[in-house]
Amino acid sequence: MIDINLFRQNPDVIRTALKNRQMDPAVVDRVLALDADRRDLLGRVETLKAERNNVSREIGKSKDAAERQTKIEAMRKVGDEISALDEQVRQVDETLEAELAVIPNIPQEIVPIGKDEHENPVVRVMEGKYKNLDFPAQPHWDLGVKLGILNFEQGVKLSGTRFYVLSGAGARLQRALIAWMLDLHARQGYREQYLPFMVKQEVLFGAGQLPKFRDNLYHDVEEDYWNVPTAEVPLTGLHMGDILEEAALPLRYMAYTPCFRREKMSAGRDVRGIKRGHQFDKVEMYTYCRPEDSMNELNKMLADAEAVCQGLDLTYRVVALCTGDLGFGASITYDLEVWAPGCDEWLEVSSVSNVTDFQSRRANIKYRPADGGKARLLHTLNGSGLALPRTMIAVLENYQQPDGSVVVPPVLRPWMGGIDVIRPE
RNA sequence: GGAGGGAUGGCCGAGCGGCCUAAGGCGCCUGUCUUGAAAACAGGUGUAGGGCAACCUACCGUGGGUUCGAAUCCCACUCCCUCCGCCA
């Protein structure tokens with residue numbers, strides 16, 4: 001959510017931000033009009049409430065029955081006016097909140113201006129040991145099926161399209177990746193969390209998923225349970241409504257969770273393989289920090305995500321998202337893309353963002369400055385470290401050998417129970 | 001799922017429909033005193049919104065209702081505790 005004070009004081013900043021995001025800036029004028037309405041109504045209703053409070057107090061003290069009756073009659077009328085105005089305030093508030101709730105964060109000045117993902121500049125390319133294979137690379141959907149570690153038919157049998165089963169060494173390889181990533185991030189200073197995979201509606205609002213991305217979420221129709229689309233959601237909710245001590249910051253968390261997405265927006269895209277499913281696993285990093293520290297934390301988090309690619313010796317590149325491709329809550333985002341020689345494409349395995357105070361305002365998360373001053377909104381950041389299916393694709397396709405076997409990356413071997421090479425089962 | 005008890009400021013804990021503008025205590029901050037500290041004493045200590053300000057409004061688990069007026073009365077819900085049943 002954007003600070004209403006920014007609309008009042010500098011609406012052009014928001015108009016420009018919306019234009020750069022390829023969105024209509026007309027919403028700014030609607031917000032300003034609603035805000036003016038709201039303040040006008042509040043002024044009137046609060047004056048009436050003050051009057052009623054005073055007179056009601058007099059009624060309590062008065063001994064004169066006739067005078068009491070006169071005042072009670074008068075206040076009954078005032079009460080009706082208050083009810084009517086309160087209802088108007090409620091409606092204006094509701095409309096205003098609805099408008100504000102779907103306005104995205106302001107991109108930072110250093111974010112490149114661009115229309116869509118085709119205009120995202122590549123910041124750097126980091127070549128790992130595995131880049132070019134000197135034989136024709138198989139895509140993972142062939143390689144994995146032949147190895148007997150990946151089964152699409154069973155996924156469809158159980159749950160339908162966009163589901164699959166990992167079997168034997170495949171399942172174990174994913175578990176090894178998860179365990180290794182968690183241990184790596186623990187060494188980098190993040191505290192591991194085990195979280196609910198279903199959360200309440202208000203948590204999704206706080207994280208910026210609702211109301212805008214309702215169509216992408218799975219939820220229980222009988223209870224207020226929503227499956228998390230990313231660990232970012234419960235990691236935001238952890239401190240919803242809290243006032244943290246400045247000394248506790250930065251607070252760095254990480255968590256492994258499954259993620260559930262309906263993928264209504266991408267129907268028909270990436271239907272082959274395990275790149276995009278309704279359920280996938282992810283290790284996520286999340287930081288709460290002081291506003292003045294958030295850009296440093298962004299750089300740290302990006303480096304910490306890159307360390308995963310480096311540990312696996314994968315070739316990857318860092319891409320800066322342009323204004324037209326920036327996510328809803330992000331003020332700046334870097335994507336990590338690893339090279340997958342089998343499907344012959346760069347795969348987005350991580351997205352690292354500084355969300356500034358966009359989520360903390362929605363979720364009411366503050367910190368108390370060490371000097372004891374007023375509580376201030378803090379900044380939050382999130383970054384994948386990494387998304388599992390695409391990391392699995394990259395490992396399988398990069399570590400494949402001409403005979404169709406797959407070498408297990410050395411860093412993962414402690415969890416593989418002696419399997420150094422995955423061969424057909 | 002059934003029966004009962006509870007939810008009040010940072011914490012503990014009072015609170016007959018109207019001096020609740022929430023008692024009292026603890027904690028914290030400031031001041032006096034002191035070489036310094038402790039103690040004692042005095043004052044101050046929530047969040048949000050509106051107003052240039054004085055000030056005003058809202059908030060006693062949540063949401064409704066009754067009333068001129070609700071922490072207080074009524075209804076629904078949520079969460080916590082105790083017991084019973086069921087259960088990985």
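Given the structure is predicted, the values throughout are model-derived calculations rather than measurements.

Asks: Give a detailed account of the layout of surface pockets, specifying residues and quantitative values.
Replies: When its volume is computed, the second largest pocket comes out at roughly 340 Å³. In terms of lining, the second largest pocket is formed by 20 residues, of which the most central are V13, A17, I106, P107 and Q108. The class makeup of the residues in the lining of the second largest pocket is 9 nonpolar, 7 polar and 4 charged. Here the lining of the second largest pocket spans two domains, and each of domain 1 (4-101) and domain 2 (117-422) adds at least three residues to it.

Asks: Describe the confidence of the model for chain A, naming the residues involved and giving the relevant values.
Replies: Per-residue pLDDT for chain A has a mean of 93; in total, 100% of the residues score no lower than 70. Scored as a complex, the prediction yields pTM 0.93 and ipTM 0.84.

Asks: Report on the protein's contact with RNA strand B, specifying residues and quantitative values.
Replies: Inspection of the region around RNA strand B gives 19 residues, with R8, E46, S56, R76 and K366 positioned closest. In this structure, S56 approaches RNA strand B through a main-chain N or O atom, which is 2.4 Å from a base nitrogen. In this structure, K374 approaches RNA strand B through a side-chain N or O atom, which is 3.3 Å from a phosphate oxygen. Breaking the surface near RNA strand B down by element, the ones donating at least two residues are α3 (26-61), α4 (65-101) and β13 (366-368). The dominant element in the surface near RNA strand B, judged by the number of residues it contributes, is α3, at 11 residues. A per-class count over the surface near RNA strand B returns 5 nonpolar, 3 polar and 11 charged.

Asks: Help me get a handle on the packing of aromatic side chains, residues and values and all.
Replies: The full count for this structure, using the stated rule, is 7 aromatic pairs. With centroids separated by 5.2 Å and ring planes inclined at 85°, the aromatic side chains of F328 and F358 adopt a geometry described as edge-to-face. Here F358 lies in helix α11 (residues 358-363) and F328 lies in the loop between β10 (316-320) and β11 (332-340), a separation of 30 residues in the sequence. With respect to burial, F328 and F358 carry one shared label: buried. Above the face of the F205 ring, R362 is positioned so that its terminal group lies 4.3 Å from the ring centre.

So, how was this worked out
- Residues numbered from 1 in each chain as written.
- Chains lettered and ligands numbered in written order.
- Predicted model: local features only at pLDDT ≥ 70, side-chain atom pairs only at ≥ 80, totals over all residues.
- Heavy atoms only, no water.
- 1 Å grid on protein atoms, 1.4 Å probe; cavity = no way out; pocket = protein on both sides within 12 Å on 5 of 7 lines; lining within 4 Å.
- Points joined across faces, edges and corners; volume = space filled by probe spheres on them.
- Nonpolar A, V, L, I, M, F, W, Y, C, P; charged D, E, K, R; others polar.
- Domains from an automatic or database assignment.
- pLDDT = per-residue confidence, 0-100.
- Near = heavy atom within 4 Å.
- Polar contact = N/O pair within 3.5 Å; in protein donor to acceptor, adjacent residues only side chain to side chain.
- Helix = DSSP H or I, 4+ residues; strand = E, 2+ residues; numbered from the N terminus.
- Phe/Tyr/Trp six-rings, centres within 6.5 Å; stacked < 30°, edge-to-face > 60°.
- Buried < 20%, exposed > 50% of the residue type's maximum accessible area, 1.4 Å probe, protein only.
- Lys NZ or Arg CZ within 6 Å of the ring centre and 35° of its normal.

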